[in-house]
Amino acid sequence: MPREDQLRDLRARQEKARRGRQGDTAEHRTGTRTVPGHVAHWARTAPERPALVFGDEVISYRQLDERTDRLAGWLDARGVRPGDRVGVQLPNCPQFVVAMLAVLRVGAVHVPVNPMFRAAELSHELRDAGPEIVVTHSSLTGVLDEVRAGTTVRDVLVADDSEAWAAAVGHAPLGRTADDLDALAALNYTGGTTGMPKGCEHTQRHMVYTATAIDNGRGPLPSDDGIVSLCYLPVFWIAGENLGILAPLVSGGTSVLLPRWDPAAVLAAIARHGVTTMAGTVENYLELLDHPDFARHDLSSLTDPLTVSFVRRLPPELRARWRAAVGPDSVLREASYGMTETHTSDTSTLGFQDGDHDLSGDATFCGLPVPGTDILIVDFGSGEPLPIGQPGEIIVSGPSVLTRYWRAPEATAAALRDGWLHTGDIGRLDEDGCLHYLGRDKDMIKVKGMSVFPAEVETLLTRHPDVLAAAVVAVPDPEAGQRPHAYVRTAPGSALTARDLREWAAGAMATYKVPAVEILDELPLTATGKIKKADLAERAAATTGPARPGGPRPPAR
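Residues numbered from 1 in each chain as written. Predicted model: local features only at pLDDT ≥ 70, side-chain atom pairs only at ≥ 80, totals over all residues. Heavy atoms only, no water.

To continue, consider the side chain of Thr 340. Structurally, Thr 340 is set in the loop between strand 13 (333–334) and strand 14 (347–348). Once you skip the residues sitting within four places of it in the chain, Thr 340 turns out to touch Asn 188, Tyr 189, Thr 190, Cys 200, His 202 and Ile 238. (Helix = DSSP H or I, 4+ residues; strand = E, 2+ residues; numbered from the N terminus. Contact = heavy atoms within 4.5 Å.)

Below is the structure:
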């Protein structure tokens, strides 16, 4: 079917599936503004409403707007002009939010820098982005000084130096707000799982669209109340930026920011501030349920709890347990499909939770594309659209797709073709036009010519009651070409062996999908909580020998 014909068919299916479940608009209820413009709007209309909460500190919209304007004045006085890059190398803290908004206000380019970077990683990003000013923390000045000589950095603001910060946010205000929604506004760097990280060029239109989609994704009708979002995800990471900065502030709500995951602090903050949404791993929600203080806190305001399936996927049993403990209006669901290149929030799973419809398949259910975004499944080779139900490459078109990769024309040409981002991810679409995620193209395993999708095998393995998480990689096989190899983390105290799990798997999936199994105490994770599959693939290649005739050999526990 030609691409345009399939798009029309999919949009009709998705419009029908969206009715009664999700909103059908990507328009913001207060009109089109920049991100600092939205903050200024709420400062005028609801000046004393809490915009940002961090521990015992509560910053109103009036205060946030003023501090942002004054720091923008400080940046301007130091020669920062539209298009100049400014690095923000901070952990989760109010200064990060103020710095980001000030950079956008002056029309410059926000470059979030991972505060966990070592010298080589920091040097790469600073050399690539070329910021002349970096806002940092005193604990990070050592590594910054180590690499600074080889970069363009000429000025450093230490945000936790009370005297320096007070002078910066006490500067004369800029008194204006850059209003070009389509100018380069941020360089969000990819995770670097394949080669060195690349800077994704994003605009404020991308940011506002994403925030609006999240806001409208709370239900069929827009709410006059803004999102009260609790965020402990790192805000230098784009998912944390969306949840901890953009969605609450653009909606006129409140960002309840935590420096790190702390179950006791999370429980207290939800109850104290009436938090309506948060995103965490399955393990995070289990920790909350098992916490000795859980019953002391009223969590009923949390009507939109989201999970991110980095390690363990959401099981129906956890959803039922959470709902019984918190209340019928608090239903755990998968957050969305997305990547740094698309500003992450490309789909919504809202409304598909009845009967655990979204959890019943053998892949991660990602829901419907948010209004204004299109998703197609195409053949990796030809780029031609594939029929509904058939797996292929996920391609995305929409208002938040990156403009280009910073200073990387070849990578841009390879990824952006005819207005579509070719993600390198494998997925399929169902009869409603909902996306199901199956993994990365480079992770797909070919067993005697048959495709094995790691995400599918991982999902099936985690249905064993003793399996907490699984990661499946490919290993070479002299007879089959490749075979799947699973690294598994089991529940504490479990007596499950690798041989036991492999035998169980043989009854749960086709023979060619059954993996060799190795049980680990922990799976290696990136700084943002994703499994390091490249590390596991190297381990598998180094530690597993050729398969014996009749099937893979099960490694010892």
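Turning next to the sheet that holds strand 2 (residues 57–60). Across the sheet, which stays open at both edges, the seven strands sit in the order 2-1-10-9-11-12-13 with mixed pairing between neighbours. Every other strand in the sheet has two partners, leaving strand 2 and strand 13 as the edge strands with one partner each. Here strand 9 (residues 228–231) pairs with strand 10 (residues 254–257) via four bridges, running parallel. In the sheet register, Val 228 faces strand 10, and the bridge partner there is Thr 254. (Pairing = 2+ DSSP bridges.)

Turning to the environment of Val 135, a few remarks are in order. Relative to the helices and strands, Val 135 resides in strand 5 (residues 133–136). What makes Val 135 buried here is its relative accessible area of 3%. Distance in space between the C-alpha atoms of Val 135 and Asp 160 is 9.9 Å, their sequence separation being 25 residues. In this view, Val 135 contacts Gly 87, Val 88, Gln 89, Leu 90, Ala 99, Leu 157, Ala 159 and Trp 165; residues no more than four positions away in its chain are not counted. (Buried < 20%, exposed > 50% of the residue type's maximum accessible area, 1.4 Å probe, protein only.)

This part takes up the state of the cysteines. Taken as a whole and judged by the stated rule, the model has zero disulfides. Free cysteine Cys 93: the closest other cysteine sulfur is in Cys 231, separated by 12 Å. Judged by relative accessible area, which is 9%, Cys 93 ranks as buried. Cysteine Cys 366 remains unbridged, with the sulfur of Cys 434 as its closest cysteine sulfur at 9.6 Å. (Disulfide = S-S within 2.5 Å.)

Let us look at the confidence of the model for the protein. On average, the protein scores 92 in pLDDT, and the residues at 70 or more come to 95%. Note on residues 546–557: pLDDT is under 50 here. Beyond four places in sequence and across chains, it has 30 contacts. (pLDDT = per-residue confidence, 0-100.)

In this model, helix 3 (residues 61–77) (17 residues) spans 24 Å end to end at C-alpha, consistent with the 24 Å of a helix rising 1.5 Å per residue. Among the residues of helix 3, those classed as buried are Tyr 61, Leu 64, Asp 65, Thr 68, Asp 69, Leu 71, Ala 72, Gly 73, Trp 74 and Leu 75. Gly 79 lies just past helix 3 and shows a positive phi near 90 degrees. (Expected span 1.5 Å × (residues − 1).)

Attention now moves to the pattern of salt bridges. Pairing is possible between side chains that carry opposite charge, provided their charged atoms lie close to one another. With the rule as written, the count across this model stands at 28 salt bridges. Asp 69 is the partner of Arg 105 in a salt bridge, and the nearest nitrogen-oxygen pair spans 3.6 Å. Remark: Asp 69 occurs in helix 3 and Arg 105 occurs in helix 4 (residues 94–106); sequence separation between them is 36 residues. Note on Arg 105: relative accessible area 6%, which makes it buried. Taking the relative accessible area as the measure of exposure, Asp 69 reaches 12% and is therefore buried. Linked by salt bridges that have partners in common, Asp 9, Arg 13 and Glu 431 make up one network. (Salt bridge = Lys/Arg side-chain N within 4 Å of Asp/Glu carboxyl O.)

Between helix 11 (residues 282–290) and helix 12 (residues 316–326), the least distance of the axes is 11 Å, while the angle of their chain directions is 40 degrees. Looking at the two axes, helix 11 sits oblique to helix 12. Between helix 11 and helix 12 lies a crossing of left-handed hand. Contact residues: Val 282, Tyr 285, Leu 286, Leu 288, Leu 289 and Asp 290 in helix 11; Leu 318, Arg 321, Trp 322 and Ala 325 in helix 12. Residue classes in the contact of helix 11 with helix 12 are distributed as eight nonpolar, no polar and two charged. (Axes fitted to C-alpha atoms, helices over the stretch in contact; angles between N-to-C directions. Parallel < 35°, antiparallel > 145°, perpendicular 65-115°, else oblique. Left-handed = near helix turned anticlockwise from the far one by under 90°. Nonpolar A, V, L, I, M, F, W, Y, C, P; charged D, E, K, R; others polar.)

Axis separation between helix 2 (residues 35–45) and helix 4 bottoms out at 8 Å; the angle between their running directions is 110 degrees. Classified by the angle their axes make, helix 2 and helix 4 are roughly perpendicular. When helix 2 is examined against helix 4, the residues Val 35, Pro 36 and Val 39 are found in contact with a partner set consisting of Leu 101, Leu 104 and Arg 105. In terms of residue class, the contact of helix 2 with helix 4 is made up of five nonpolar, no polar and one charged.

It is worth spelling out the pairing of strand 7 (residues 184–189) at this point. Extensive coverage of strand 7 is indicated by the burial of five of its six residues. Across five bridges, strand 7 lies against strand 8 (residues 199–203) in antiparallel orientation. Bridge pairing links Ala 186 to His 202 in strand 8.

Before going further, it helps to examine the nonpolar core. Membership of the largest hydrophobic core comes to 57 residues, with the highest contact counts inside it found for Leu 64, Leu 71, Phe 96 and Leu 249. Those residues within four positions of Leu 71 in sequence are excluded, and the remaining contacts are Val 98, Ala 99, Ala 102, Leu 157, Trp 165, Ala 168 and Val 169. With 26 residues, the next largest nonpolar core counts Val 266, Leu 299, Leu 318 and Leu 359 among its residues. (Core = buried A, V, L, I, M, F, W, Y, C linked by side-chain atoms within 4.5 Å.)

Before going further, it helps to spend a moment on the environment of Ala 239. Looking at the element boundaries, Ala 239 is found in helix 9 (residues 238–251). Residues Ala 239 and Val 97 lie 142 residues apart in sequence; the distance between their C-alpha atoms is 14 Å.

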